[in-house]
Amino acid sequence: MVMGVSGSGKSTVGARLAHRLRVPHIDADALHPPPNIAKMAAGQPLNDDDRYPWLERVGEWLAAHRDGGVASCSALKQRYRDQLRARCPRIEFLHLRGSPELISRRLAHRSGHFMPPALLRSQFDALEPLGAGERGVTVDAGRDVDDIVDTFLSFSAAGHYV
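The protein goes by Gluconokinase in an unreviewed UniProt entry, where it is assigned to Mycobacterium lacus. Of the protein, the UniProt comment under Sequence similarities (unreviewed entry) reads exactly: "Belongs to the gluconokinase GntK/GntV family." Under the UniProt heading Catalytic activity (unreviewed entry), the entry covering the protein gives this text: "D-gluconate + ATP = 6-phospho-D-gluconate + ADP + H(+)".

Below, the discussion takes up the overall build of the protein. Helices and strands together make up the secondary structure of the protein, namely 7 helices and 5 strands. The helix and strand sequence of the protein, counted from the amino end, reads β-α-β-α-α-β-α-β-α-α-β-α. The globule rule puts the C-alpha radius of gyration for 162 residues at 15 Å, and the 15 Å found for the protein is close to it. Principal axes of the C-alpha set define a box for the protein whose edges measure 45 × 30 × 30 Å.

Its place among the elements puts Ile148 in helix α7 (residues 145-158). Taking the relative accessible area as the measure of exposure, Ile148 reaches 1% and is therefore buried. As for Ile148 and Thr138, which are separated by 10 residues in sequence, their C-alpha atoms are 9.6 Å apart. Among all residues touching Ile148, those that are not within four sequence positions of it are Val13, Leu94, Leu96, Val139, Asp140, Ala141 and Arg143.

In this section: the nonpolar core. In this structure, Met1, Val13, Val58, Leu62, Cys73, Leu84 and Leu94 are the most contacted members of the largest nonpolar core, which totals 41 residues. It is helix α3 (residues 48-64) that contributes the most residues to this core, 5 residues altogether. Setting aside residues up to four positions removed in sequence, Val13 forms contacts with Val2, Leu94, Leu96, Val145, Ile148 and Val149.

Turning to unusual backbone geometry, a few remarks are in order. You will see that Arg22, though not glycine, has its phi angle at about 60°, which is positive. Position of Arg22 relative to the elements: it lies in the loop between α1 (10-21) and β2 (25-27). Residue classification places Arg22 among the exposed residues on the basis of a relative accessible area of 77%. Phi is positive for Ala75, which is not a glycine, with a value near 45°. For Ala75, a relative accessible area of 0% gives the class buried.

Our focus in this paragraph is the pattern of salt bridges. One pass over the structure, following the stated rule, counts 13 salt bridges. One salt bridge in this structure joins Glu60 and Arg87, with 3.8 Å as the shortest N-O distance. Taken together, the residues Glu60 in helix α3 and Arg87 in helix α4 (residues 78-87) connect sequence positions 27 residues apart. Residue class for Arg87 comes out partly exposed when judged on its relative accessible area of 28%. Salt bridges linked by common partners bring Arg81, Asp82, Arg85 and Glu134 together as one network.

On average, residues of the protein carry a pLDDT of 89, and 92% of them reach 70 or more. By mean pLDDT, the top-scoring element of the protein is strand β1 (residues 2-3) (98), and the lowest-scoring one is helix α5 (residues 100-108) (82).

Scoring rules and cut-offs
- Residues numbered from 1 in each chain as written.
- Predicted model: local features only at pLDDT ≥ 70, side-chain atom pairs only at ≥ 80, totals over all residues.
- Heavy atoms only, no water.
- UniProt positions renumbered as here; feature names shortened; annotations may be inferred.
- Helix = DSSP H or I, 4+ residues; strand = E, 2+ residues; numbered from the N terminus.
- Rg over C-alpha atoms; globule rule 2.2 N^0.38 Å.
- Buried < 20%, exposed > 50% of the residue type's maximum accessible area, 1.4 Å probe, protein only.
- Contact = heavy atoms within 4.5 Å.
- Core = buried A, V, L, I, M, F, W, Y, C linked by side-chain atoms within 4.5 Å.
- Salt bridge = Lys/Arg side-chain N within 4 Å of Asp/Glu carboxyl O.
- pLDDT = per-residue confidence, 0-100.

Here you go:
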């Protein structure tokens, strides 16, 4: 699972990671129900009730790909990650962390996405970094995509997480 705020590079890194692992990839944004997309497009942040059925869909995808798959999903709060772990206990997280300035610059140059830059602050406010006991690694989102993937694969293979 490649996680982080909108604009952190989840889709790009997730696709590259899946390619390297030769497994399927899904951008979890494709699993949002239409009311969630409409709400975000209108500049309203999603609440936990909005996210629950979406995360269930993501969890179903993960469960169907237990033997290998990469999903790109914000997974901002630990309880969201817990919900995903309930479906796929072996999940590992790659958290792409970037400064608000870096992510804002990226969002300013992105077009055709339903998530408006105005909602970025709400994502940073909701973000809970990976905690103790969560299998994953946090990597600077400003690094080169292949370097990010290499770092994750090295940590994953060694079973070392931060």
